[in-house]
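In case you want the letters, here they are:
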Amino acid sequence: MDNRRLSSASASLLVLLWAGFLLLMQLISGYLTPKMSAGWQQYLWTGIVELAFLLIPLAFVCRMTGRKVFSSLRAFPTGEGKAVLLAACLALTSYPVMLLVQNAWIFLLELMGATPQGVSLPDIGGPGELALALISVAGAAAFAEELCLRGVLLPALRGRMGPMAAAVLTAVIFALMHGSFSALPYTFLLGWLMGYLTLRSRTVYPAMAFHLTNNALATLISYWAMGLQAGQAQVEVTPLLRLQSLLALGNFALYAAALMAVLLYFYRRITPGVQPVPREERSPFWWAPMAAGVAVFAMLVVSSALYEFTIGG
């Protein structure tokens with residue numbers, strides 16, 4: 001077995017540790033965030049949380065198993081630059097498509113009586129805070145989440161299941177880890193696509209480029225929207241207005257999806273493809289810590305859903 005890959009049992013324990021550290025960081029954030037009046041303080045803390053709750057458990061498991069924390073970040077492979085560039089372009093073209101799916105989900109939740117709580121960024125006061133927001137929301141998230149999920153968890157799960165099943169399970173954990181019921185379709189599709197990019201290229205760098213570009217684009221759009229809304233009256237979003245915006249976005253998403261398909265075709269052409277890995281020997285209950293960790297993440301998502309439907313009622 002590849003000595004850079006954790007066993008499935010160690011990766012299962014890692015998921016449980018992530019869940020525990022996420023609860024701990026949320027508890028600390030609940031105490032510290034109200035004391036942060038400036039946007040840069042909140043973005044700095046966001047970056048610290050992103051790195052800490054993922055990398056500290058990873059460091060613990062790696063020390064326990066005798067592996068290196070950054071072993072999945074092997075030397076940049078020859079020719080990988082094209083795959084990384086295509087992955088970044090895929091993030092740009094897939095953004096309208098996944099945004100359409102996300103907005104359609106929100107529209108459905110609103111029709112069901114919920115009040116979806118979108119992910120909102122703290123106010124960005126200027127270029128300095130924008131740069132810090134990009135570093136924390138885009139840079140730290142892309143590095144930590146892809147190193148841990150697609151760089152460590154995905155290869156470990158492949159010792160127990162097929163590549164697509166491992167990518168789907170990793171995407172489910174990725175989506176639940178964000179703790180948002182309203183964002184489930186978006187985060188799942190994002191996670192699955194980054195898993196596919198990793199499997200095809202056999203390295204985590206394209207997924208990092210995709211994640212970085214996606215989050216940077218979302219941050220820049222939020223910054224632009226904050227500037228437009230400054231000093232303007234709040235517009236009530238009615239179901240009719242939501243439907244009209246969905247139709248308009250759908251037309252744009254069709255062209256984006258066509259371009260996305262072309263880029264995926266070329267990505268398949270230049271990447272080596274899914275690498276066969278040896279299966280691990282059977283061991284009972286290797287999945288138990290992972291199941292407990294996923295249950296904690298699911299509990300956070302269920303709490304988010306209950307809150308959205310409660311305030312909607």
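Our subject in this report is the structure included herewith. What you see is a predicted model, and the numbers here were worked out from it, not measured in a lab.

Rules and cut-offs
- Residues numbered from 1 in each chain as written.
- Predicted model: local features only at pLDDT ≥ 70, side-chain atom pairs only at ≥ 80, totals over all residues.
- Heavy atoms only, no water.
- Helix = DSSP H or I, 4+ residues; strand = E, 2+ residues; numbered from the N terminus.
- Rg over C-alpha atoms; globule rule 2.2 N^0.38 Å.
- Buried < 20%, exposed > 50% of the residue type's maximum accessible area, 1.4 Å probe, protein only.
- Contact = heavy atoms within 4.5 Å.
- Areas by Shrake-Rupley, 256 points an atom, 1.4 Å probe, with all protein chains shown as cover.
- Axes fitted to C-alpha atoms, helices over the stretch in contact; angles between N-to-C directions.
- Left-handed = near helix turned anticlockwise from the far one by under 90°.
- Disulfide = S-S within 2.5 Å.
- Core = buried A, V, L, I, M, F, W, Y, C linked by side-chain atoms within 4.5 Å.
- Polar contact = N/O pair within 3.5 Å; in protein donor to acceptor, adjacent residues only side chain to side chain.
- Expected span 1.5 Å × (residues − 1).

This part is about the overall build of the protein chain. Within the protein chain one finds 9 helices and 0 strands. Each helix (α) and strand (β) of the protein chain, taken in turn from the N terminus, gives the series α-α-α-α-α-α-α-α-α. Its C-alpha atoms give the protein chain a radius of gyration of 20 Å, near enough to 20 Å, the size a compact globule of 313 residues would have. Taken over the C-alpha atoms alone, the protein chain extends approximately 60 × 45 × 40 Å along its principal axes. In the protein chain, buried positions account for 45% of the 313 residues. Counting contacts in the protein chain only where the partners sit at least 6 residues apart, residues at least 24 apart contribute 86% of the total. Carbon and sulfur atoms provide 69% of the accessible area of the protein chain, an area that totals close to 15600 Å².

The next subject is the packing of helix α4 (residues 127-157) against helix α5 (residues 163-177). Direction vectors running N to C along α4 and α5 enclose 145 degrees, while the axes themselves pass 9 Å from each other. Crossing hand, α4 versus α5: right-handed. Side by side, α4 and α5 meet where Glu 145, Leu 149, Arg 150, Leu 153, Leu 154 and Leu 157 of the first sit next to Ala 166, Ala 167, Leu 169, Thr 170, Ile 173, Phe 174 and Met 177 of the second.

This part takes up the state of the cysteines. Taken as a whole, this structure holds 0 disulfides when the rule is applied. A disulfide-free cysteine, Cys 148 has its sulfur positioned 8.6 Å from the sulfur of Cys 62, the nearest such atom. A relative accessible area of 0% means that Cys 148 is categorised as buried.

Turning to unusual backbone geometry, a few remarks are in order. Not every positive phi belongs to a glycine, and Arg 202 is a case in point at roughly 65 degrees. Inspection of the secondary structure puts Arg 202 in the loop between α6 (184-201) and α7 (205-229). At Phe 285, a position not held by glycine, the phi torsion is positive, near 60 degrees. Residue placement: Phe 285 occurs in the loop between α8 (239-270) and α9 (288-312).

Attention now moves to the nonpolar core. Counting 65 residues, the largest nonpolar core has Trp 18, Leu 58, Leu 153, Ile 173, Met 177, Phe 210 and Phe 297 as its most contacted members. Ignoring any residue separated from it by four or fewer positions in sequence, one finds Leu 153 in contact with Ala 11, Val 15, Trp 18, Cys 148, Thr 170, Ile 173 and Met 290. Tyr 43, Ile 124, Leu 130 and Ala 133 belong to the second-largest nonpolar core, a separate cluster that totals 5 residues.

By the secondary structure assignment, Arg 5 is in the segment before α1 (8-32). Engagement of the side chain of Arg 5 in a polar contact is seen with the backbone oxygen of Pro 155, the distance being 3.2 Å.

This part takes up α8. Taking 1.5 Å per residue as the helical rise, α8 with its 32 residues ought to reach 46 Å, and the 44 Å between its terminal C-alpha atoms agrees with that figure. Considered for burial, the residues of α8 that qualify are Arg 242, Leu 246, Leu 249, Gly 250, Ala 253, Ala 256, Met 260, Leu 263 and Tyr 267.

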